[in-house]
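Each chain is listed here by its residues.
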Amino acid sequence: MTVIGIDLGTTNSAVATTDANGITTTIADRDGSRVIPSVVYFAPDGSAVVGDRAKAMAVLEPERVAMLFKRGMGAPTFLFDESEFSVDGKVWRPEELSSLVLKKLKQMAEEQLGSVSGAIVTVPAYFGELERAATREAAELAGLPILRILNEPTAAAIAHGIDASSRGKTIMVFDLGGGTFDVTVMRVDSEGEMQVLSTGGNHRLGGADFDNEIMQMIAARAQAEANVDIFAEPWAFQDAREKAEDLKKELSTLDTATRPISTGGRPLMFSMTRAEFEASIADTVEDVSDMIEITLGEAEVDAADVDTVLMVGGSSRIPAFSTLLRDMFGKEPTFSRNLDEDVARGASVLAAKIGGQIDPRSELADLAIPKDVASHGLGMTVNDSDDREINGIVVKPGQGVPSKGTQTFYAAADGQTQVLLRINEGDEEDLAYVRQIGEGMAHFGRPVPAGHPIRIDIAYTAEQIVEVYAYDGENNKLIGEVRLERTGSLSGDEKRQALAAIAGTGVQ
Ligand code: AMP
């Protein structure tokens, strides 16, 4: 039985495995690629193509290609105009698309390793409950048993060998990927356990935004010189998007980059300098710097006290960011040779450890299971002393997880059988500033008289997914788990349909 680690990224995904001796391998697909674009193309024969070939189809048949869907995890759609993504009459939700990527990665692993019994899948530390629950759901739809959801920066730190031997060290992980930015401050405590002290960032900021900046410049040139509106033509738009990404990557090593842009007639030669690119992202670099300051502040750590700055995610290759970090921390940031694979590799190390596959004589036998803190507060809608509805905070952000809190509710009328619970994410009392993650009915189990108490325990699991339990408030007996209807998630019927749709879709 084999366990794997999966980095389910916004732009790219990867899968790795760690053997009993602690040797980690990133798994390649049949074409030899170890990093798979998180892009799905729906072929007319009903099958789904995932990866490079799907990305290439974005130019030819953009309406049959889905990308950047991780940004919509936990919501019904991921498209910028909030419309649904559908192909041949079937609407595909972000978790279903993610499950197709997971299915592809599982297949790749099984071709090399035989049957896979479980996986650790990573998520940005910034992800809230709905996104985490949707990630679990995607794995379930793909038929992939999840051992644990793990924060990406923690996985990256494990991949860099940050373990018990780094006792007392403070690490900052700077993770700028294709669609998310995460900054995480961690410390390896005196027991050798890795603890997340604070986490911040923006889960709608990443390489795709830099591509968009370049596309705006390409569009202006195409309009002025060829009178073509690249945003109006799907093929021109896709071509410009690909070229923008190529130009951006090249500018990480060269001072000038040039690409031909399709305009329908003679291609337009578009050149750009690194200085021009840096000017176009200057505001973002500034925002990133502010977010780092805030996250350090929350961890109560000075920049000078950070021992290692780890660079993760493809966009951390942009020199403007390494310069920023060098200036802020006064030391050289640490890059790895496997920058795009680190997260999957770290996840696979922990998967092997949790799955009990590590030889007790191996170095990894000492690896401690990392602890996380709640990235968002958690509360329930309650009435305050003036009978106004507020968010009654149960778990504060920054509190270690697993964690739980309790609220007691009382029957308002004789004969009441249930109470509606509303669960919110956020640490403000004002309901306007929190996000409702779901509702559930807590049942008394029988009609009760007015004033009868019901105790509600609400908990974040180690992976920050919410669980709610109801107890009879008089004798403290467990009534049962409260089933949470998550905002925007699949209903029971929808889930059955999704399972059938994914099972019936061949993935290549
Ligand atoms: P990730 O989600 O970590 O796989 O990061 C993917 C993002 O990194 C994409 O937006 C890529 O365009 C970007 N990226 C990859 N290589 C480079 C590079 N050399 N310079 C700038 N950005 C890059």
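Residues numbered from 1 in each chain as written. Predicted model: local features only at pLDDT ≥ 70, side-chain atom pairs only at ≥ 80, totals over all residues. Heavy atoms only, no water.

### With respect to the domain arrangement of the protein
Note the threshold: Domain start and stop points were drawn from an automatic or database domain assignment. Whether two residues are in contact is decided by their heavy atoms: any pair within 4.5 Å suffices. Two parts placed together each lose some accessible area; with a 1.4 Å probe, that loss summed over both constitutes the buried area. A side-chain nitrogen of Lys or Arg and a carboxyl oxygen of Asp or Glu constitute a salt bridge if their distance falls within 4 Å.
For the protein, the domain assignment lists domain 1 (1-160 + 337-371 + 490-508), domain 2 (207-280) and domain 3 (374-476). Its C-alpha centre places domain 1 at a distance of 30 Å from the equivalent point of domain 2. Facing the seven residues of domain 1 at the interface are eight residues of domain 2. Between domain 1 and domain 2, the buried area comes to about 670 Å², and carbon and sulfur atoms account for 57% of it. At the boundary of domain 1 and domain 2, one finds two salt bridges.

### Looking at empty space enclosed by the protein
Rolled over the atoms, a probe as big as a water molecule pinpoints where empty space is left. This is how it is decided: Throughout, the protein atoms alone are placed on a 1 Å grid, and a set of points is a cavity if a 1.4 Å probe fits but cannot get out or a pocket if it is open with protein on both sides within 12 Å along at least five of seven lines; lining residues have an atom within 4 Å of a point. Grid points are joined across faces, edges and corners, and a volume is the space filled by probe spheres set on the points. Classes in brief: Ala, Val, Leu, Ile, Met, Phe, Trp, Tyr, Cys and Pro nonpolar; Asp, Glu, Lys and Arg charged; the others, Gly included, polar.
Counted by the stated rule, this structure contains two cavities of 30 Å³ or more. Considered as a void within the structure, the largest cavity measures approximately 40 Å³ in volume. As for the largest cavity, its lining consists of L8, K70, M73, S98, T122, V123, F127 and T135. Across the lining of the largest cavity, the residue classes tally to four nonpolar, three polar and one charged.

### A closer look at the sheet that holds strand β17 (residues 308-312)
Definition in use: Should DSSP find at least two bridges between two strands, the strands are regarded as paired. Numbering of helices and strands runs from the N terminus; a helix is a DSSP stretch of H or I covering at least four residues, while a strand is a stretch of E covering at least two. Each axis is a line fitted through C-alpha atoms, taken for helices only over the stretch in contact, and angles between the N-to-C directions span 0 to 180 degrees.
Strand order in the open sheet formed by four strands is β14-β13-β12-β17, and the pairing between neighbours is mixed. With one partner strand each, in any of the chains shown, β14 (194-202) and β17 form the two edges of the open sheet. Recorded for the sheet is a direction-independent mean angle of 20° between the axes of neighbouring strands. Where strand β12 (residues 170-176) lies against β17, five bridges are found, and the strand directions are parallel. What sits directly across from F174, in β17, is M311.

### Some words on a nonpolar patch on the surface
To keep it simple, the criterion reads: Exposure above 30% relative accessible area and no salt bridge define the residues that can form patches, which grow by joining like charges within 9 Å and nonpolar side chains of Val, Leu, Ile, Met, Phe, Trp and Tyr within 5 Å. Each accessible area is a Shrake-Rupley estimate made with a 1.4 Å probe; only the visible protein chains count as cover when residues are assessed.
Together, L147, I354 and I369 make up a nonpolar patch on the protein surface, roughly 200 Å² of accessible area in all. Mapped onto the elements, I354 comes out in helix α10 (residues 342-354).

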